[in-house]
Amino acid sequence: NWEPTKPWKGKPLDKLNKTPDCQPKDQVPKLEQNENHTVCVQTPFKWMPDALPVPFPSQYRDVWDNNHVRMPCSNQNEYPVEAAAGPTVERRWDMIQKALKADIRGPFELEEAILSYNQRYANKWNFSALHHFLTKFLTKEEREDFFSCTLPEMVRLALKLRLLCTKPIPLLRKDKAHKLTLSQQQIACLLANAFFCTFPRRNSRSRTAEYSSYPDINFNSLFQGQPNQRKIQKLKCIIHYFNRVLHEMPSGLVTFSRQVLNHKRHWETEMDLLKDLHVSSAGTIEDDGKGMLQVDFANKYLGGGVLGHGCVQEEIRFVICPELIVSRLFTEVLADNESLVMTGCEQYSEYTGYADSFEWARNHVDETPRDPWGRRCTEVVAIDALVFRNDYNRQFKRQSVVRELNKAYCGFMSNTKEANKPAVCTGNWGCGAFGGDKELKSMIQLMAASVAKRDVCYFTFDDTRLVEKLHGIHAYLQREEKTIGDIMGMIDRYNTQVVGHSHRRPSVGLFDYIHEQWEGEPLQTSGHSDFSYPQ
Ligand code: AR6
C-alpha cells in the first residue's frame, strides 16, 4: 500500500472524526444563560442566515467593576481634562463620540482623534506603521475609499456599543471555568472599539496596573513603530475584515470557553493506549483541519504578538480570523492548567508566506457549516507551551513533561462521548518561537489526546523526516500496546540516561531511544507503512 509520493501516513484524513458529522443531530444542547455561561444574545436562539442575533438584555446595563470588562461607554468611565477653569473630569464616552464623529479625512486626523481621549499617551504612542500603511501601501483609490467609506462605517459600528453590547461582559479569570457567547456583530463592534483604542485602563504597561495580567486590546501597538512588512500585512488583514463585516454583517455566534484542569492526572500510571494518528508533511491546521479541534500554538497572553511584531502560527491565525482577537479583551493570562476553546470564528483572509514573508493573499469565503447556535464548526484551542529557547534540555525533565501533558490535556478534554469528539488537529506546538523538541512535543500531544480519547491529525509543516519517525514510533507503540504510563516511564528514562545533566543537546532522539530500549535497535523508518487502513 505504500506510495512513495504520498505526503502522509497513518489513518486517512477522511476517517478522522470531524464536526458537524461526528456530533449527534438529535440531542442539541440548548443555548442558555447559566452561572457557567454568559450569553449576550436573546434566547431561545434560532440561527437564521439573514437575521442578526438580538442583543440581550434590550437595554444597556452599566456595570463598572473588577469582574467585568470596563466598557468605554460606561457612565463611570471618566477622563481628566484641562479646562479653562482648571483640571476637571469629563465623561470619556462623550469625548470618544465627539472625536470620532468629526470629519476624519486623513491619517493625521485619525491619530489626533484617537489621542484626544488618550491624552496621557500623546507623547508615548506613535502611529508610524498606520501612516505608512495608509499613505504608502494603499493606492490612492484605496485610501480614498478607506476614509470616505470604511472609516465612517467603522466609527458607526464602534459607537453602537451601548446598543449592541448590552450585557456586562465577564472577565474570564484565572482558576474559573466559564463560557462566554457573543454574536459576530457584537465582536465586530468590540473590535472596532479596539481599533479606535477606546478601552479604558488597558494602556498602562505598569506591572501593578489593573489589567497587567491581561493581553493588550487597544490597537495602538499595531499602529506604532517602524513600518515593516509584518505590520503592514496584518493591518491589511484587519481592514479587510472590517470591510467584509461592514459590507455584510455575519449573523452567527462565537463561544469562548476557559477550561481549567482541576484534578492532576497521574501520567505514569495511565493505562490508555495511543489513539490513531494521521501525519502529513503537507497541509496546515487552518486549511486542512476542518471540523477538528485545531490547536493554536498560543502565548499565555492570548494572541501573543498579534498587535505587535509577532507573525507566526498564532498571530497569523488571529489576523486571518480576527474574531479571535476579541478573546484578548476578557481572557486573563492562562495558568499552567488552563486553556481557552474558541468555537465559531470565521476566516476572512487567505495568506502566503510566514513571519517576514507573510502576506495577505486574498479574500476568503468561509463555507464551514454552522452548528445549531449559528457558530461555524471551527473549534480553536489555545494552549501555551513552555519556552525552551535558552534551555533545551530542561524540557525532558519530569516536571516540564508533566506540565506540557497537563496543558495539552486541558485543551483536549471534553465531556462529550468518545464517538462524538472531533480529532485534534495540531503540529509542531511549542517547537518554533518557543524552541521545543518536535519528537517530545508530538509524543506529549499524542499522549494527551489519547487520554482525552481523540485521534490526532498532525501537520509537520514540510518536515518529511518527522512524518516517517512519528508514524514509525506511533505504529510500533500501538502494535505493542504500550500504555501512556509505559511511554511516560520511557521519557523519564530518556531524561536520566541520555539527557542527564549535560547542556549539550541529546545525541540520540527520543523515538530511537524508546524503540531501542524495547526492541534493541533504533527505529527503522524508511520503507513501508506498517499497517494500512481500509481505503
Ligand atoms: N499549521 C501547521 N503547522 C504550523 C503552522 C500552521 N498554520 N504554522 C506554523 N506551524 P510557532 P510556538 C509549525 O513558532 O513555538 C507566537 O508568538 C511550524 O513548524 O508559532 O509554540 C505565540 O503567540 C512552526 O515552526 O509556535 C507564542 O508567543 C511551529 O509550527 C509563540 O509564538 C511552531 O509555531 C509560540 O511559539
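Asker: Honestly, the packing of helix H15 (residues 484-499) against helix H16 (residues 510-519) in this entry has me stumped. Any pointers?
Answerer: A pair of packed helices can be characterised by two numbers: the angle between their axes and the separation between those axes. Look at H15 against H16: their axes get within 10 Å of each other, and the N-to-C directions meet at 105°. Between H15 and H16, the angle falls in the class roughly perpendicular. Contact residues: Asp486, Ile487, Met490, Ile491, Arg493, Tyr494, Gln497 and Val498 in H15; Leu510, Tyr513, Ile514, Gln517 and Trp518 in H16. Of the residues that constitute the contact of H15 with H16, the class distribution is nine nonpolar, two polar and two charged.

Asker: I would appreciate a short explanation of the pairing of strand E8 (residues 293-298) in the present structure.
Answerer: Successive side chains on a regular strand alternate, one facing one side of the sheet and the next facing the other. Buried residues dominate E8, accounting for six of its six residues. Bridging between E8 and strand E13 (residues 424-427) involves two bridges; their strand directions are parallel. The residue bridging leucine 293 from the neighbouring strand is valine 424, located in E13.

Asker: Where do I start with helix H12 (residues 398-412) in this structure?
Answerer: Each α-helix winds once per 3.6 residues, and so residues spaced three or four apart point in a common direction. For H12, spanning 15 residues, the distance from its first C-alpha to its last is 21 Å, which sits close to the expected 21 Å at 1.5 Å a residue. Taken across its 15 residues, H12 has 13 buried, putting it largely inside the fold.

Asker: Before we go on, may I ask you to explain the sheet that holds strand E1 (residues 8-10) in this structure?
Answerer: Strand pairing in a sheet relies on backbone hydrogen bonds. The paired strands run either parallel or antiparallel. Pairing is mixed across the open sheet formed by 10 strands, whose spatial order is E1-E7-E14-E13-E8-E12-E9-E6-E5-E2. Of all strands in the sheet, those with a lone pairing partner are E1 and strand E2 (37-39), marking the two edges. For this sheet, the mean angle separating the axes of adjacent strands, direction not counted, is 20°. Taken together, the four bridges between strand E7 (residues 277-280) and strand E14 (residues 456-459) define a ladder with parallel strand orientation. Looking at E14, one finds that leucine 277 is bridged to valine 456. Across the sheet, helix H6 (residues 184-195) touches strand E5 (178-183) and strand E6 (253-260), and the angle it forms with E5 is around 90°. Where helix H13 (residues 438-451) meets the sheet, its contacts fall on E7, E13 and E14, and the angle it forms with E14 comes to roughly 160°.

Asker: When you look at the environment of glutamate 359 in this model, what are you seeing that I'm missing?
Answerer: Within the secondary structure, glutamate 359 is located in strand E11 (residues 359-363). Sequence separation between glutamate 359 and histidine 471 is 112 residues, and the spatial gap between their C-alpha atoms is 33 Å. In this structure, glutamate 359 is in contact with Gln229, Gln233, Glu350, Tyr351 and Thr352, ignoring residues within four places of it in sequence.

Asker: Would you mind going over the pattern of salt bridges with me for this structure?
Answerer: Think of it this way: side chains of opposite charge can pair up when their charged atoms draw near. Taken as a whole and assessed by the stated rule, the structure comprises 31 salt bridges. With its nearest N and O atoms 3.9 Å apart, the salt bridge here joins aspartate 455 to lysine 275. Taken together, the residues span a long stretch of sequence, with aspartate 455 in the loop between H13 and E14 and lysine 275 in the loop between E6 and E7 at a distance of 180 residues. Among the salt bridges present, the one from arginine 403 reaches aspartate 384, with a minimum N-O distance of 3.1 Å. Taken together, the residues span a long stretch of sequence, with arginine 403 in helix H12 and aspartate 384 in strand E12 (residues 379-384) at a distance of 19 residues. Classification of arginine 403 by relative accessible area gives buried; the value is 9%.

The rules behind the values
- Residues numbered from 1 in each chain as written.
- Predicted model: local features only at pLDDT ≥ 70, side-chain atom pairs only at ≥ 80, totals over all residues.
- Heavy atoms only, no water.
- Axes fitted to C-alpha atoms, helices over the stretch in contact; angles between N-to-C directions.
- Helix = DSSP H or I, 4+ residues; strand = E, 2+ residues; numbered from the N terminus.
- Parallel < 35°, antiparallel > 145°, perpendicular 65-115°, else oblique.
- Contact = heavy atoms within 4.5 Å.
- Nonpolar A, V, L, I, M, F, W, Y, C, P; charged D, E, K, R; others polar.
- Buried < 20%, exposed > 50% of the residue type's maximum accessible area, 1.4 Å probe, protein only.
- Pairing = 2+ DSSP bridges.
- Expected span 1.5 Å × (residues − 1).
- Salt bridge = Lys/Arg side-chain N within 4 Å of Asp/Glu carboxyl O.

Without other data, these values stay purely geometric and don't point to any function.
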